[in-house]
Amino acid sequence: MNRQLLQQLPKMDVLLAHPAIASAQEELPYYALKEAARTALEELRRGILDGTVEVLPDLDTLAAQTTARARASCRPHLRAVINGTGVVLHTNLGRAPLGEEAARAVYEAARGYSNLEYDIDSGRRGSRFSHIEPLICSLTGAEAALAVNNNAAAVFLMLSALAAGKKVAISRGELVEIGGSFRVPEIMARSGAQLVEVGTTNKTHLSDYRRAIEEQGAEILLKVHTSNFKLIGFTEEVSIADLVALGREKGVPVFHDLGSGALYDDPALGVPEGPTVEESVRAGADVICFSGDKLLGGPQAGIAIGRAPYIQAMKKDQFARVVRIDKLTLAALEATLRTYRDHALAGRSIPTLAMLGARPETLESKARARAEELSARFAGKCVFSAAPDNGEVGGGSLPGVPLPTWVVELSPVSLTVSALEEALRAWETPIVGRVSRNQYLLDVRTLTDADWAEIIRALDTILN
């Protein structure tokens, strides 16, 4: 039987000559089709020999499978995903989506040459910092600024350039580990800074920092946002304003790793209450580091602002070149920052801010309308309903901050919920939702009209 099936396997040239594969050459490269055909035939051959294949597919089916395999192999590995989870800054899904202006700026910077390090007025070499430094300073009120490839790099550069060999006082409650095993104590050690722990995990007082200066010789005070966790209960921490006042009294600089802080505390921007760059600048912190791809709503970047002598020292540090940002990130960051000159415009046109600022009644209306539309379209195949739920900001930005939302609940009739979840995730443009209460949930906060059109197209295939 095995020998008979092996003899029935089509030859490679016969399979490649099939009309379905021949016509696919208009959109797919021949090498991909040839490799897909070879793999398909080899899998069948192995299956026949080990007894798992007892009947061969007909040539039409095999050609269709080969074409589908070739198409999948040509798809970029990094590709668009539809985020139905309701987590606005979903780290696994790329965090902040760029606004249209920023995306267009990236395209323009990528498609040709640019004045990345060229001063057009003088005709001489320029600085890549010149494209964003004046803009950042104008928006924040800082004396100087620079941007690197992420906030972890900004913090490390700050410590290595300004704190190497010096004693740095930090609260025990802020010695955190964030994503990717980035641990503050280890980063400080690697930078050459000497860690001086103050206070306890849950309570740190201003007097603790004072003793660190007076009794342990602390030369720098560092405050770190705890990022992706929050202490609750019997807790106390020192505000950045009080820390700066102590620093001024003792002649000790104060550095602030703000993590994913928003630029401003402005309702027009839609960001839930949390630490802001504006607050830290107003307090007078000497150097402030924050992310560009979280609550700012821009590309992955780390921004450092502060007093000019400190920022200049960071720019001149050898590590600054290692972590500098490229022209595409610069283009996206500049476009995003320019939008902030009009807070109302930023709140509408920067996707992260628009999603965070969506009002509950608007989300409810959208969820009910979608549930009604889908119920009429897929009657008898899936039950749809709108329900209130709770989302989150994500990205370690505002842990513990509630984000009330609305979802569309899907209860398939002939499929299990897990099968529906898997099928949507395996769709051409993967659709990622949540499973809860034995239902599949799609959060309307993070879904656009274009996303819903694709979801409907997927459900047409999966449910039918």
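For the structure itself, look to the data block above.
(A) Layout of the packing of helix H6 (residues 100-110) against helix H15 (residues 327-339). Orientation of H6 relative to H15, taken along the N-to-C sense of each, is 145°, at an axis distance of 8 Å. As for how H6 packs across H15, the hand of that crossing is right-handed. For the pair H6 and H15, contact is made by Glu 101, Ala 102, Ala 105, Val 106, Ala 109 and Ala 110 and by Lys 327, Leu 328, Ala 331, Ala 332, Ala 335 and Thr 336, respectively. For the contact of H6 with H15, the residue count by class is 9 nonpolar, 1 polar and 2 charged.

(B) Looking closely at the sheet that holds strand S17 (residues 439-443). Pairing is antiparallel in the open sheet, where 4 strands are placed in the order S13-S14-S17-S16. The sheet is open, and its two edges are formed by strand S13 (382-391) and strand S16 (434-436), each paired on a single side. Averaged over all pairs of adjacent strands, the angle between strand axes in this sheet comes to 35°, irrespective of strand direction. Here strand S14 (residues 403-412) runs beside S17; their pairing, made up of 4 bridges, is antiparallel. Residue Glu 409 lies in a different strand from S17, and its bridge partner there is Leu 441.

(C) Summary view of the pairing of strand S10 (residues 254-259). Across the 6 residues that make up S10, a large majority, 6, are buried. Residues Val 254, His 256 and Leu 258 of S10 are buried on one face, and the alternating residues Phe 255, Asp 257 and Gly 259, pointing to the opposite face, are buried as well. Inspection of the sheet shows strand S9 (residues 220-224) paired to S10 by 4 bridges, in the parallel sense. Looking across to S10, one finds that Leu 222 is bridged to Phe 255.

(D) Spatial organisation of the packing of aromatic side chains. Evaluation of the coordinates by the stated rule reveals 4 aromatic pairs. Measuring from ring centre to ring centre gives 6.5 Å for Tyr 264 and Tyr 340, while their planes differ by 55°; the resulting arrangement is tilted. Placement of Tyr 264 in the loop between S10 and helix H12 (277-283) and of Tyr 340 in the loop between H15 and helix H16 (343-349) is noted, with a sequence separation of 76 residues between them. Grouping residues by exposure puts Tyr 264 and Tyr 340 together as buried. A ring pair is formed by Phe 378 and Phe 384, whose centres lie 6.1 Å apart and whose planes are at 40°; its orientation type is tilted. For Phe 378, a relative accessible area of 1% gives the class buried.

(E) Quick look at helix H11 (residues 240-250). Those residues of H11 not exposed but buried are Ile 240, Leu 243, Val 244, Leu 246 and Gly 247. When H11 is viewed along its axis, its buried side chains cluster within an angular range of 160° and face the same direction. Those residues of H11 hidden inside the fold are in contact with helix H10 (206-216), S9, S10 and H12. One or two steps after H11, the chain reaches Gly 251, where phi turns positive at roughly 70°.

(F) Inspection of the layout of surface pockets at higher detail. Empty space within the largest pocket amounts to approximately 1,300 Å³. Every residue lining the largest pocket is counted, 50 residues in all, and those nearest its centre are Val 81, Pro 97, Leu 98, Pro 351 and Met 355.

(G) Local environment of the sheet that holds strand S12 (residues 302-306). Pairing in this open sheet of 7 strands is mixed, and the strands run S4-S12-S11-S10-S9-S5-S8 from one edge to the other. Strands with a single pairing partner mark the edges of an open sheet, and in this sheet they are strand S4 (144-148) and strand S8 (194-198). Pairwise comparison of adjacent strand axes, ignoring direction, gives a mean angle of 20° for this sheet. The sheet contact formed by strand S5 (residues 167-171) and S8 spans 5 bridges and is parallel. Among the inter-strand pairings, Ser 171 is bridged to a residue of S8, identified as Val 198.

(H) A look at the environment of Glu 197. Looking at the element boundaries, Glu 197 is found in strand S8. The exposure class assigned to Glu 197 is partly exposed, which follows from its relative accessible area of 35%. Each C-alpha atom, one on Glu 197 and one on Met 314, is 24 Å from the other, the two residues being 117 residues apart in sequence. With residues near it in sequence (within four places) discarded, Glu 197 still touches Ile 170, Arg 172 and Leu 175. One polar contact links Glu 197 to Arg 172, side chain to side chain, over a distance of 2.9 Å.

(I) Structural context of the environment of Lys 381. Considering the arrangement of structural elements, one finds Lys 381 in the loop between helix H18 (360-377) and S13. Placed 33 residues apart in sequence, Lys 381 and Ser 414 show a C-alpha to C-alpha distance of 6.8 Å. Look past the residues within four positions of Lys 381 in its chain and what remains in contact with it is Pro 412, Val 413, Ser 414, Leu 463 and Asn 464.

(J) Representation of the packing of H10 against H11. Packing of H10 against H11 brings their axes to within 10 Å, and their N-to-C directions diverge by 25°. Considering the angle they form, H10 stands roughly parallel to H11. The two elements H10 and H11 cross, and the hand of that crossing is right-handed. Contact residues: Leu 206, Tyr 209, Arg 210, Ile 213 and Glu 214 in H10; Asp 242, Leu 243, Leu 246, Glu 249 and Lys 250 in H11. Among the residues making up the contact of H10 with H11, the classes are represented as 5 nonpolar, no polar and 5 charged.

Rules behind the numbers
- Residues numbered from 1 in each chain as written.
- Predicted model: local features only at pLDDT ≥ 70, side-chain atom pairs only at ≥ 80, totals over all residues.
- Heavy atoms only, no water.
- Axes fitted to C-alpha atoms, helices over the stretch in contact; angles between N-to-C directions.
- Helix = DSSP H or I, 4+ residues; strand = E, 2+ residues; numbered from the N terminus.
- Left-handed = near helix turned anticlockwise from the far one by under 90°.
- Contact = heavy atoms within 4.5 Å.
- Nonpolar A, V, L, I, M, F, W, Y, C, P; charged D, E, K, R; others polar.
- Pairing = 2+ DSSP bridges.
- Buried < 20%, exposed > 50% of the residue type's maximum accessible area, 1.4 Å probe, protein only.
- Phe/Tyr/Trp six-rings, centres within 6.5 Å; stacked < 30°, edge-to-face > 60°.
- Arc of directions from axis to C-beta.
- 1 Å grid on protein atoms, 1.4 Å probe; cavity = no way out; pocket = protein on both sides within 12 Å on 5 of 7 lines; lining within 4 Å.
- Points joined across faces, edges and corners; volume = space filled by probe spheres on them.
- Polar contact = N/O pair within 3.5 Å; in protein donor to acceptor, adjacent residues only side chain to side chain.
- Parallel < 35°, antiparallel > 145°, perpendicular 65-115°, else oblique.

Nothing here speaks to function; it is all geometry.
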